[in-house]
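# Descriptive structure summary
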Amino acid sequence: MRKVTIFGATGSIGQSTIDLIRRSPGTYDVVALTGGRNIARLAEDAIALKADLAVTAHEELLQPLREALQGSGVEAAAGQGALLEAATRPADWIMSAIVGAAGLAPGLKALEQGTTLALANKESLVCAGKLLLATAKQHGARLLPVDSEHSAVFQGLVGEDMDAVERIIITASGGAFRDWPIGDLPNATLAQASSHPNWDMGQRITIDSASMFNKALEVIETREYFQVEPDQIEVLVHPESMVHALVGFRDGALMAHLGAPDMRHAIGYALHWPERRDLPVARLDLTQVGQLNFRTPDAARYPALHQAYAVMERGGLMGAAFNAAKERALDHFISGHIRFTDMAEVTAKVLDRIEAQSGLIDSAMTLDNVSKIDHLSRQAADVAVAEDKR
Ligand code: NAD
Ligand code: MG
């Protein structure tokens, strides 16, 4: 039996992962499931999958988790220390599907046991790509992409030489507001931003799709994972979300990856890699689809994209600053403190402020320094929001 652990098991990616595991009874031995505040979901899945351990990220929820698991034989634990401990428990395959920079420390811990880490948590690559790759290398661990675009690129590169790659094109649906008049964007509500035209995902990544902060993170994720230069990465708006990515080779060939918008494809590919197995995803009928559309992203509509390129050009720990500023700006949008279009203004201000604090961005990429930049950038985002309100 293959030992598996799922970080962020109660979220959208976590639940899709559990769906795949449930479809192959007797194949997987579930070591640990982790979640946040949804104790009922966490306990129910841990019991159904006969996990050894269930962990909530919140210490104050240990007692409710214990009660929900009573008599099941599943061990309960809570808090940051418990998350890290779960990452040290031997597993052959670990899903990293916590949302945000909070996924970085458990991901690094998991890599230290030399396992295969399926990485949905793109934020950890954005914040600390070099550190993640170096840790994997040092411990003989493997990182597999789970983001649909990056899984598509990864699949397009099977048997290819990276020297033959000219460019990587990732697609973007354009999100909830792709056809809105730009002038209406400042008034976009939380409910409107939280509904995606093609994908069913967690709330934060759905809003990030509308603002293209998600694509901005994915551009940086592409650079870090595939080690290509910023000018080799392109973004195409593709409203149908059926072509997930394309790899352009030096002989002019363009290899596209197509599939229905269902994350269980990318998760399943990482789960069964290097094999391909049957997956419960819809098959595309191109005669039904009829037409696929592509266009260049409008820079005025999606300022976050331009910021991603500036972040890559700057290098160092700027990715950690960008991600933290984005996370905090998103918190403020969700809380109703700022407008939809203010988010990119907040991140721009934070990047300027952090850059001005001499030397910070060029300090060594350690977990401590990344956490420090993360903390300072969140503070700077709060300051930017407060100034804006005055
Ligand atoms: P989600 O909000 O649905 O789930 C997030 C999970 O992380 C939950 O289990 C939650 O309890 C846990 N969590 C949240 N904050 C935490 C913290 N501080 N510490 C520990 N655990 C915490 O998110 P999602 O949509 O499943 O996304 C998960 C990750 O996968 C993100 O990095 C996202 O960018 C990436 N991703 C998601 C999709 C998708 O289709 N949903 C696609 C590509 C990539
Ligand atoms: Mg994606």
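Residues numbered from 1 in each chain as written. Chains lettered and ligands numbered in written order. Predicted model: local features only at pLDDT ≥ 70, side-chain atom pairs only at ≥ 80, totals over all residues. Heavy atoms only, no water.

### Some words on the packing of helix α6 (residues 122–138) against helix α14 (residues 318–334)
The line we're drawing: Lines fitted to C-alpha atoms define the axes, with helix axes restricted to the stretch in contact, and inter-axis angles between N-to-C directions lie between 0 and 180 degrees. Working definition: helices are DSSP H or I runs of at least four residues, strands are E runs of at least two. Numbering for both runs from the N terminus. An angle counts as roughly parallel when it lies under 35 degrees, as roughly antiparallel when it exceeds 145, as roughly perpendicular when it falls between 65 and 115, and as oblique in every other case. Between two residues, a contact is recorded if the distance between any of their heavy atoms is within 4.5 Å. Any residue outside Ala, Val, Leu, Ile, Met, Phe, Trp, Tyr, Cys, Pro, Asp, Glu, Lys and Arg is labelled polar, Gly included; the first ten of those are nonpolar and the last four are charged.
At a minimum axis separation of 6 Å, α6 and α14 run at an interaxial angle of 140°. In this view, α6 runs oblique relative to α14, as classed from their interaxial angle. Contacts between α6 and α14 involve E123, V126 and C127 from the former and G319, A320, N323 and E327 from the latter. Each residue belonging to the contact of α6 with α14 can be placed in one class, and the counts come to three nonpolar, two polar and two charged.

### Description of unusual backbone geometry
The omega torsion across W273 and P274 is 5°, close enough to zero to call that bond cis. Relative to the helices and strands, P274 resides in the loop between α11 (263–272) and α12 (286–289). The phi dihedral of S241 is positive, around 50°, even though this residue is not glycine. The topology assignment puts S241 in the loop between β9 (233–237) and β10 (243–249).

### Quick notes on the coordination of the magnesium ion (ligand 2)
To keep things clear, this is the line we draw: Donor atoms are limited to N, O and S found within 2.8 Å of the metal ion, a distance that becomes 3.2 Å for Na, K and Ca. With water left out, some sites might look partial. Note on exposure labels: buried denotes an accessible area under 20% of the residue type's maximum, exposed denotes more than 50%, and partly exposed covers the range between, all computed with a 1.4 Å probe on protein chains only.
Only D147 (OD), E149 (OE) and E218 (OE) from the protein reach the magnesium ion (ligand 2) as donors, at distances of 2.1 to 2.3 Å. Within one chain, the residues donating to the magnesium ion (ligand 2) are spaced in sequence as D-x1-E-x68-E. Of the two residues, D147 is situated in the loop between β7 (142–145) and α7 (148–156) and E218 in helix α10 (residues 213–226); the sequence distance between them amounts to 71 residues. With a relative accessible area of 1%, E218 lands in the buried category.

### With respect to the site of ligand 1
What counts here: We call a residue near a molecule or strand as soon as one heavy atom of that residue lies within 4 Å of the molecule or strand. Under this definition, polar contacts are N or O atom pairs within 3.5 Å; protein pairs additionally need one hydrogen-donor-capable and one acceptor-capable atom, and for neighbouring residues in sequence, both atoms have to be side-chain atoms. The Shrake-Rupley method, run with a 1.4 Å probe, gives the accessible areas here. Residue values count only the displayed protein chains as cover. Residue ranges assigned to each domain were obtained from an automatic or database domain assignment.
Lining the immediate surroundings of ligand 1 are 23 residues, of which T10, S12, I13, G36 and E123 lie closest. Here an oxygen atom of ligand 1 sits 3.0 Å away from a polar atom, N or O, in the main chain of G202. Taking 820 Å² as the accessible area of ligand 1 by itself, protein coverage stands at 84%. Elements with a minimum of two residues in the shell around ligand 1: α1 (12–22) and α6. Residues that form the shell around ligand 1 fall into these classes: 12 nonpolar, eight polar and three charged. For the shell around ligand 1, the domains that each give at least three residues are domain 1 (2–145) and domain 2 (150–260).

### Structural notes on the domain arrangement of the protein
The criterion, for reference: Here the quantity called buried area is the total loss of accessible area, with a 1.4 Å probe, experienced by two parts when brought into contact, counted for both. Salt bridge, as used here, is a side-chain nitrogen of Lys or Arg placed within 4 Å of a carboxyl oxygen of Asp or Glu.
When cut into domains, the protein gives domain 1 (2–145), domain 2 (150–260) and domain 3 (315–389). The C-alpha centroid of domain 3 is placed 23 Å from the C-alpha centroid of domain 2. If you look at the interface, domain 2 gives 17 residues, while domain 3 gives 14 residues. When domain 2 packs against domain 3, close to 1,400 Å² is buried across both sides, 75% of that on carbon and sulfur atoms. When the area that domain 2 buries against domain 3 is broken down by residue, the three leading residues are P186, R204 and F213, summing to 42%. The tally of links between domain 2 and domain 3 comes to two salt bridges. Across the pair K326 and D208 runs a salt bridge, and its minimum N-O distance is 2.5 Å.

### Examining the nonpolar core
One broad trend across soluble globular proteins is that nonpolar side chains are buried collectively. In plain terms, the rule: For the purposes of this section, nonpolar cores are sets of buried Ala, Val, Leu, Ile, Met, Phe, Trp, Tyr and Cys residues that join through side-chain atoms within 4.5 Å.
Counting residues in hydrophobic clusters, the biggest one holds 128 residues, and the most contacted among them are L33, M95, F322, F340 and M343. With eight residues, the single largest contributor to this core is α14. Those residues within four positions of L33 in sequence are excluded, and the remaining contacts are I6, A9, I18, L42, D45, A46, L49, A51, L53, A54 and V55.

### Focus: the sheet that holds β9
Which entries qualify depends on this criterion: In this scheme, strands are said to pair when DSSP sees at least two bridges between them.
If you trace the four strands from one edge of the open sheet to the other, you get β9-β8-β10-β11, paired in mixed fashion. Strands at the two margins of the open sheet, each flanked by one partner only, are β9 and β11 (254–258). Each adjacent strand pair in this sheet contributes to an overall mean axis angle of 20°, direction not counted. Pairing analysis gives five bridges linking β10 to β11, with the strands arranged antiparallel. Each bridged residue has a counterpart across the sheet, and for V247 the counterpart in β11 is M255. Together, β8 (165–172) and β9 form the strand contacts of α10, whose direction differs from that of β8 by roughly 150°.

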